[in-house]
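# Descriptive analysis of the structure
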Number of protein chains: 2
Amino acid sequence: MAEQNLRITLRERPTGAVSMDHFTLERVPVPALDDGQVLVKTRYLSLDPAMRGWLNDVRSYVPPVGLGEVMRAQGIGEVIESKHAERPVGSLVLANMGWQSHYVAAGAMVQPLEAGDLPPQTYLAALGMPGMTAYFGLLDVGKPEQGQTVLVSGAAGAVGSVVGQIAKLEGCRAVGIAGGPDKCAVVVDELGFDACIDYKNEPSLSKAIRRTCPDGVHVYFDNVGGETLNTALRRMALRGRIVICGAISTYNATTPQPGPSNYMALLVNRARMEGFVVFDYAARFPEARERMAQWIRDGKLISREHVIHGLEHAVDGLNMLFSGGNTGKLILEV
Amino acid sequence: MAEQNLRITLRERPTGAVSMDHFTLERVPVPALDDGQVLVKTRYLSLDPAMRGWLNDVRSYVPPVGLGEVMRAQGIGEVIESKHAERPVGSLVLANMGWQSHYVAAGAMVQPLEAGDLPPQTYLAALGMPGMTAYFGLLDVGKPEQGQTVLVSGAAGAVGSVVGQIAKLEGCRAVGIAGGPDKCAVVVDELGFDACIDYKNEPSLSKAIRRTCPDGVHVYFDNVGGETLNTALRRMALRGRIVICGAISTYNATTPQPGPSNYMALLVNRARMEGFVVFDYAARFPEARERMAQWIRDGKLISREHVIHGLEHAVDGLNMLFSGGNTGKLILEV
C-alpha cells in the first residue's frame, strides 16, 4: 500500500489545558485490508468538549482513551477501498474513526451516510451527536411545556444552539447565555432565541436572568457548570428542571471545583436536577434525525457549523472550544 | 382571666448556633375569647431542624419568623375554654401554636385530633409532619421499586427513621447513616433497617456505602447535606434518585457552605436530584395518615419519640437536633 496514515495518538495524560505535547503526530503505513474490511479516508472530524474528559484516567460513561491509542473522535469519511459488499468505494460513512486521515475497520463498524440534499457535515452537527443531545436532553429530560421558559448556557455552541431552536419550535420562550456580543447576536438574530445574556459583559448574571426570564426558568439546560449553574439554581420556577448536559467551565481545571452551593434551591422550588447520556437514546436517533432533517429542509432549524482545516490543528481546535472561539458546531476538515 | 401565657418570642436573629439570648421568655396575660375562638393549653410541641431556617431573614417556602413574634411550632393541646361549638372543652387539637403554654385562635384554625388508640404525640411524629415528609418524599419523589436499595441519612432522626421503615415495607433494602453505635443499634435492631453506617466511626463513608449498598444506591434520601450528600452522589446506581429533604449539617453554618462538587455524577449515572416541600401534599395527608396508622397498629411501623420537658428548654432541644442528641422525633412536653 502506498497510502500513509497521518494520525494523532495520546502520549501523556494532560493536567489542565491540552497541548500538542500530550500527543504524537505520526505517519504510519495503512495496512492491507482483510475480507469484510473497508479503508475510509477521513473528511470531517467532530471536535467536542466531552473529548477533554476522555483524556482523564477516571471512570465515566465511556472508558478513557488509552496511552498510545489514536485520539477518539466521530467523523465522516469516504470509502476508498472496500472488501465489504455493502460499503462500496465512493460511499460516505459515519464512524468513530479518531484523529487520523485513514481508518481501516470492518464494514459493519462504519455506518452508511445518506446525506441526500443536506451537507454531510450536518450529520456531525444538528443531525449528529450534538443535535441528538439537544433533542433528547431538552425533550425527554427537560420536558418543556408550551409557554414555558427554557434557559440554555453555551447557547452559541453545538448543543446549545440547537436546544434553543427546538425550544422555540415547541412553543417555549428561549433564552441563551453566551460569551460576547457577536455570539449573542448570532443566537438572537440568526437562531431566533428570544434573548441572549452576554455573561462576559453583564454585571450580574442573576439580575440578567431575572430580567430575561421574568416568570422564572422552567428548564435550565446546562452545558457549562460552575457559577452559571449555581446562579441559575436560584432563578428556577416552581417544579423547574435542570438538565445536566456538561460542565465545560470546569473540564480543564487542575484543582477540585466547587459544587453548586445553591442546590437547596431545589427544595424551595420543588425543582429537579438530572443528568443524561445521549447514547442511551440510540434506538431513537433515527426518529429524531428524521424530524430534525425535515425542520432543516423547512428552514425551521439551522445547523450552524464552524469549520477549521487540517488534522495538525486538532488540538488547537479542541482548545478553541474552551476559550469560546467557536460559534456553532466545531468541525475539523481533514 | 387568671390564666397567664408563658411564651418565647424571637428577640434577635441568630448567626450560627441558637441560644436563649436570641429569644425572650415572658409571661403575658391570656386575652378573653371572642366568639368562635378557643383557648388551647399546650401539651406537646414539635422541635424540628427546619425551625433553624425559619429564623433566617431569607426567602424560603415559608416566611421567616418575625422579630417579636412567638417562635413558630406545631403542637398538640387541649381546649380549656371554648366559644366554638365544634371544638368543645376537653378536646385535643393540632395547631401551629408556637412556643407558648396557651394559644388563642379561631376554632377553625385548630384541627381536631382523634388519636383513638394511638398516643397523641404520634401525630407529631410518624403521623405528623416528619412522617408525611418521609412518606411523600420517599414514595412520590424517590419512587423506590421492590428490591432496590434506599440509603437514608439522619436515619435515627424523626424523618429518616420512618423513611427506612417504609422502604422495608415497600420491599426495598434499607441502609441508614447515623452518628454513633447506639443510634445505629436502634436503627437496625429496633427499626429493622438492613444496615446502618456509623459515620462518626467509619474511616471512609464512601467505602462504607459501597460495602452496605453493593448494587449502588437507587434512592438516597438526604436529610443532612454536606460531605454526606457529596459522597452518596458517587455511589448512585444507574438512574438513581436523590431526594433533597434537608441539610441539617449546614443550618448553623456562619460561612457559605460548599455545594456537592460531585454533582456531575448525576450525568455519569443518569441520576436525578430533586427537592420537595411536604406541604404540597397536604390534600393527601389523610390517606397517608390512615395507611401509616394501620402499619403502627399492626406493629409494622414504629413511631420513635424522644421527649424532653419544659417550655424553658425549647432552645436546648433545638440545639440537641444539631448535636445529634436525639434518637427519633424530638418532642417537648410543656
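The coordinates are above.
Residues numbered from 1 in each chain as written. Chains lettered and ligands numbered in written order. Predicted model: local features only at pLDDT ≥ 70, side-chain atom pairs only at ≥ 80, totals over all residues. Heavy atoms only, no water.

Okay, the overall build of chain A next. Helices and strands together make up the secondary structure of chain A, namely nine helices and 15 strands. Relative to the compact-globule value of 20 Å for 334 residues, chain A shows a C-alpha radius of gyration of 20 Å, a close match. Residues counted as buried form 57% of the 334 residues belonging to chain A. Total accessible area on chain A is roughly 13500 Å²; 49% of this is exposed by carbon and sulfur atoms. When the 32 positive and 35 negative side-chain charges of chain A are each reduced to one mean point, those points stand 8 Å apart. (Helix = DSSP H or I, 4+ residues; strand = E, 2+ residues; numbered from the N terminus. Rg over C-alpha atoms; globule rule 2.2 N^0.38 Å. Buried < 20%, exposed > 50% of the residue type's maximum accessible area, 1.4 Å probe, protein only. Areas by Shrake-Rupley, 256 points an atom, 1.4 Å probe, with all protein chains shown as cover. Lys, Arg positive; Asp, Glu negative; His and termini not counted. Charge placed at Lys NZ, Arg CZ, Asp CG, Glu CD.)

We now examine the pairing of strand β9 (residues 173–178) of chain B. Residue and element names in this part refer to chain B. Of all six residues that make up β9, five are buried, and the element is covered over most of its length. Pairing of strand β8 (residues 149–153) with β9, which is carried by five bridges, proceeds in the parallel orientation. Its bridge partner being in β9, T149 is matched across the sheet by R173. Alignment of β9 against strand β10 (residues 195–198), held across four bridges, turns out to be parallel. Across the sheet, residue I177 finds its bridge partner in β10, namely I197. (Pairing = 2+ DSSP bridges.)

Turning our attention to the sheet that holds strand β11 (residues 217–222) of chain B. Spatial strand order, β10(A)-β9(A)-β8(A)-β11(A)-β12(A)-β13(A)-β13(B)-β12(B)-β11(B)-β8(B)-β9(B)-β10(B): 12 strands in an open sheet with mixed pairing. For this open sheet the edge positions go to β10 (195–198) of chain A together with β10 of chain B, each flanked by a neighbour on one side alone. Here the average twist between neighbouring strands, direction ignored, is 15°. Note: strand β12 (residues 236–244) of chain B against strand β13 (residues 272–275) of chain B, four bridges, orientation parallel. (Axes fitted to C-alpha atoms, helices over the stretch in contact; angles between N-to-C directions.)

The next thing to look at is the relation of the copies chain A and chain B. The two copies are related by a screw operation: chain A maps onto chain B through 180° of rotation and 0.0 Å of translation along the axis, at an RMSD of 0.0 Å. One copy is carried onto the other by what is essentially a two-fold rotation axis. Of the C-alpha atoms belonging to chain A, the one lying closest to the rotation axis is found on G259 of chain A, 2.1 Å away. Looking at the interface residues of chain A, 100% of them are also at the interface in chain B, so both copies use one shared face. (Least-squares fit on C-alpha atoms with pLDDT ≥ 70 in both. Contact = heavy atoms within 4.5 Å.)

Listed by partner, the interface residues are 34 residues for chain A and 34 residues for chain B. When the two sides are added together, the surface that chain A and chain B hide from each other amounts to roughly 2500 Å², 61% of it contributed by carbon and sulfur. The largest contributions to the chain A side of the interface with chain B come from Y263, L267 and R270 of chain A, which together make up 25% of the buried area. The tally of links between chain A and chain B comes to four salt bridges. A salt bridge links R270 of chain A to D280 of chain B; the nearest nitrogen and oxygen atoms lie 2.6 Å apart. Linking chain A to chain B there are seven residue pairs in polar contact (both at pLDDT 80 or more). (Buried area = accessible area lost by both parts, 1.4 Å probe. Salt bridge = Lys/Arg side-chain N within 4 Å of Asp/Glu carboxyl O. Polar contact = N/O pair within 3.5 Å; in protein donor to acceptor, adjacent residues only side chain to side chain.)

Turning our attention to helix α8 (residues 285–297) of chain B. Residues and elements named next belong to chain B. For α8, built from 13 residues, the straight-helix expectation of 18 Å at 1.5 Å per residue is met to within 8% by its first-to-last C-alpha distance of 18 Å. Looking at α8, one finds that the buried residues are F285, A288, R289, M292, A293, W295 and I296. Seen along its axis, α8 keeps its buried residues to an arc of 155°; they face one direction. Among the exposed residues of α8, those pointing more than 90 degrees away from its buried face are P286 and E290. Turning to α8, the residues buried within the fold contact β7 (111–112), α2 (129–142) and α3 (158–169). Backbone geometry just after α8 places G299 at a positive phi near 75°. (Expected span 1.5 Å × (residues − 1). Arc of directions from axis to C-beta.)

On to a positive patch on the surface, then. A cluster of basic residues, R59 of chain A together with K207, R210 and R234 of chain B, forms a positive patch on the protein surface. Here K207 of chain B lies in helix α5 (residues 205–212). (Patch = residues over 30% accessible without salt bridge, like charges linked within 9 Å, V, L, I, M, F, W, Y side chains within 5 Å.)

It is worth spelling out the pattern of salt bridges at this point. For the structure shown, the criterion picks out 28 salt bridges over all chains. In this structure, E12 of chain B engages R11 of chain B in a salt bridge whose closest nitrogen and oxygen atoms are separated by 3.6 Å. One continuous salt-bridge network, built from bridges that share partners, spans D140, R284 and E287 of chain A.

All names here are of chain A. Along the chain, V162 turns up in helix α3 (residues 158–169). Between the C-alpha atom of V162 and that of A125, which follows or precedes it by 37 residues, the distance is 9.1 Å. If we ignore the near neighbours within four places in the chain, the residues touching V162 are A126, G131, A134, M292 and L301.

Looking now at the side chain of N230 of chain B. All names here are of chain B. Counting through the fold element by element, N230 comes out in helix α6 (residues 226–233). Only 2.9 Å separates the side chain of N230 from the backbone nitrogen of S261, close enough to count as a polar contact. Ignoring any residue separated from it by four or fewer positions in sequence, one finds N230 in contact with P260, S261 and N262.

For the rest of this paragraph, the subject is the packing of α2 of chain B against α3 of chain B. All names here are of chain B. Running from amino to carboxyl end, α2 crosses α3 at an angle of 45°, the nearest separation of the two axes being 8 Å. As the angle between them shows, α2 and α3 are arranged oblique. Note on packing geometry: the crossing formed by α2 with α3 is right-handed. Across the interface between the two elements, P130, G131, T133, A134, Y135, L138 and L139 of α2 pack against A158, V159, V162, V163, I166 and A167 of α3. Residues of the contact of α2 with α3, tallied by class, amount to 11 nonpolar, two polar and no charged. (Parallel < 35°, antiparallel > 145°, perpendicular 65-115°, else oblique. Left-handed = near helix turned anticlockwise from the far one by under 90°. Nonpolar A, V, L, I, M, F, W, Y, C, P; charged D, E, K, R; others polar.)

Here the focus is the packing of aromatic side chains. Within this structure, the stated rule accounts for 14 aromatic pairs over all chains. The interplanar angle of 45° and the centroid separation of 5.5 Å between the aromatic rings of F23 of chain A and W99 of chain A together place this pair among those described as tilted. Remark: W99 of chain A occurs in the loop between β5 (92–95) and β6 (102–106) and F23 of chain A occurs in strand β2 (residues 23–29); sequence separation between them is 76 residues. An angle of 45° between the planes, with centres 6.5 Å apart, marks the rings of Y135 of chain B and W295 of chain B as tilted. Placement of Y135 of chain B in helix α2 and of W295 of chain B in helix α8 is noted, with a sequence separation of 160 residues between them. Assessed through its relative accessible area of 10%, W295 of chain B is described here as buried. Ring pairing ties together the aromatic residues Y135, F136, Y281, F285 and W295 of chain A, which thus form one cluster. The ring of W54 of chain A is capped by R72 of chain A, whose NZ or CZ atom sits 5.1 Å from the centre of that ring. (Phe/Tyr/Trp six-rings, centres within 6.5 Å; stacked < 30°, edge-to-face > 60°. Lys NZ or Arg CZ within 6 Å of the ring centre and 35° of its normal.)

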